[in-house]
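Survey of secondary and tertiary structure
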Amino acid sequence: MKGCVKMFEVGERVVYGHHGVCEIVKIDTLDMPNVPKDRQYYYLSPTTDGTSIMYAPVDNPKLSIRRVMTKDDVMSLIKAMPQIDMLNVTNDKQRENEYKECIRSLDGKEWVRLLKTVRERGRGRMEKGKKMTALDERYMKMAEMQLYSEISAVLEIPRNQVENFIEEHMVVA
């Protein structure tokens, strides 16, 4: 294995791209055709599924992966939610790019910004008798999945109780 530095260890939970929270179940080479035999991969099992395995090259500098937040990080984020600003997107053509960047950032604060933005836009549209746009709805679901699954995993509470937990623990200014 040529100069490869592993950032994570077997048993660690990580957030992996748009797949959410995963556990690293193995770090090894892959025995597959056309795959270099000396390249190490993280074997990742999504915590929401538990049966599937994804492979991510350990040495990929563009790998979209980070450790899950700590309990203190989660509680700090929840308490700060009322003070987190919405996205400032005035150009509808830029909206999807901004939303994508929030999701790709793997940053809980950015997911909150996205959620606040699409929910506020949805309220505004409802007041005008319109439905939420498909774009807003799609990205709201992505951000909720990312944020809520991580909070659920870290705090060890069922995913369907995360929203109530947040509401109970937010510090409203």
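Below or above, wherever it landed, is the structure these notes cover. (Residues numbered from 1 in each chain as written. Predicted model: local features only at pLDDT ≥ 70, side-chain atom pairs only at ≥ 80, totals over all residues. Heavy atoms only, no water.)

**Some thoughts on helix α2 (residues 92-104)**
Spelled out, the test is: In DSSP terms, a helix is any run of H or I states spanning at least four residues, a strand is any run of E spanning at least two, and both are numbered starting from the N terminus. Multiplying one less than the number of residues by 1.5 Å gives the expected span of a helix. Here's how the labels work: a residue is buried when its accessible area is under 20% of the maximum for its type, exposed when over 50%, partly exposed in between, all with a 1.4 Å probe on protein chains only. Here the arc refers to the directions that run from the helix axis out to each C-beta atom. Note on definitions: a residue-residue contact is assigned when non-hydrogen atoms from the two residues lie within 4.5 Å.
The end-to-end C-alpha separation of α2 is 19 Å, in line with the 18 Å expected for 13 residues at 1.5 Å each. The set of residues buried in α2 consists of R95, Y99, C102 and I103. For α2, the angular spread of buried residues about the axis comes to 95°, placing them on one side. Projecting away from the buried face of α2 at angles above 90 degrees are the exposed residues K93 and R104. Contacts from the buried residues of α2 go to α3 (108-127) and α4 (134-155). Two residues or fewer after α2 comes L106, characterised by a positive phi angle close to 55°.

**Quick notes on the packing of aromatic side chains**
Applicable threshold: Stacked, edge-to-face and tilted are the three classes for Phe, Tyr and Trp ring pairs, Trp counted by its six-membered ring, which pair at centre distances within 6.5 Å; planes under 30 degrees apart are stacked, over 60 edge-to-face, the rest tilted. Over a ring means this: the NZ of a Lys or the CZ of an Arg is within 6 Å of the ring centre and within 35 degrees of the ring normal.
Considering all chains together, one arrives at 3 aromatic pairs under this definition. For the pair Y99 and Y139, a centre-to-centre distance of 5.5 Å together with 55° between the ring planes defines the contact as tilted. Of this pair, Y99 sits in helix α2 while Y139 sits in helix α4; the two residues are 40 residues apart in sequence, bridging distant segments of the chain. Note on accessibility: Y99 and Y139 belong to one class, buried. Sitting over the ring of Y43, K26 keeps its end group 5.0 Å from the ring centre.

**Details of the nonpolar core**
This is how the line gets drawn: In this text, buried Ala, Val, Leu, Ile, Met, Phe, Trp, Tyr and Cys residues form a nonpolar core when linked through side-chain atoms within 4.5 Å.
Of all hydrophobic cores here, the largest spans 35 residues; its most connected members are I78, L114, L147, I151 and L155. When contributions to this core are tallied by element, the ones reaching two or more residues are α1 (71-80), α2, α3, α4 and α5 (162-169). Top element by residues in this core is α4. It accounts for 10 residues. By size, the runner-up hydrophobic cluster in this structure holds 13 residues, among which are C22, L44, M54 and I65.

**Digging into unusual backbone geometry**
Although it is not a glycine, N34 sits at a positive phi angle of roughly 65°. Within the secondary structure layout, N34 lies in the loop between β2 (21-28) and β3 (41-46). Of note in the backbone geometry, L106 takes a positive phi value of approximately 55° without being a glycine. Relative to the helices and strands, L106 is located in the loop between α2 and α3. A relative accessible area of 7% means that L106 is categorised as buried.

**What about the sheet that holds strand β4 (residues 54-57)?**
Rule in force here: In short, DSSP must find at least two bridges between two strands for them to pair. Here an axis means a line fitted to C-alpha atoms, over the contact stretch when the element is a helix, while the angle between two N-to-C directions is reported on a 0 to 180 degree scale.
In spatial order, the strands read β4-β3-β2-β1-β5; together these 5 strands make up an open sheet with antiparallel pairing. Two strands lie at the open edges of the sheet, namely β4 and β5 (65-67), each paired on one side alone. Adjacent strand axes in the sheet meet at a mean angle of 45°, parallel and antiparallel pairs treated alike. The sheet contacts of α4 involve β1 (13-16), β2 and β5, and relative to β1 the element is tilted by about 180°.

**Looking at the pairing of β2**
Pairing geometry for β1 and β2, over 3 bridges, is antiparallel. Its bridge partner being in β2, V14 is matched across the sheet by C22. The turn linking β1 back onto β2 is made up of 4 residues, and G17 within it adopts a positive phi angle of 45°. Relative to β3, β2 runs antiparallel, the two sharing 6 bridges. Of the residues in β3, the one forming a bridge with C22 is P46.

**Quick word on a nonpolar patch on the surface**
This is how it is decided: Residues with no salt bridge and a relative accessible area higher than 30% make up the patches, which join like charges within 9 Å and nonpolar side chains (Val, Leu, Ile, Met, Phe, Trp, Tyr) within 5 Å. Throughout, the Shrake-Rupley method with a 1.4 Å probe supplies accessible areas, and for residues the shown protein chains are the sole cover considered. By salt bridge we mean one thing: a side-chain nitrogen of Lys or Arg within 4 Å of a carboxyl oxygen of Asp or Glu.
A grouping of V25, M32, I53 and Y55 is seen on the molecular surface, where their side chains present a nonpolar patch of about 300 Å² in accessible area. Note that Y55 resides in strand β4.

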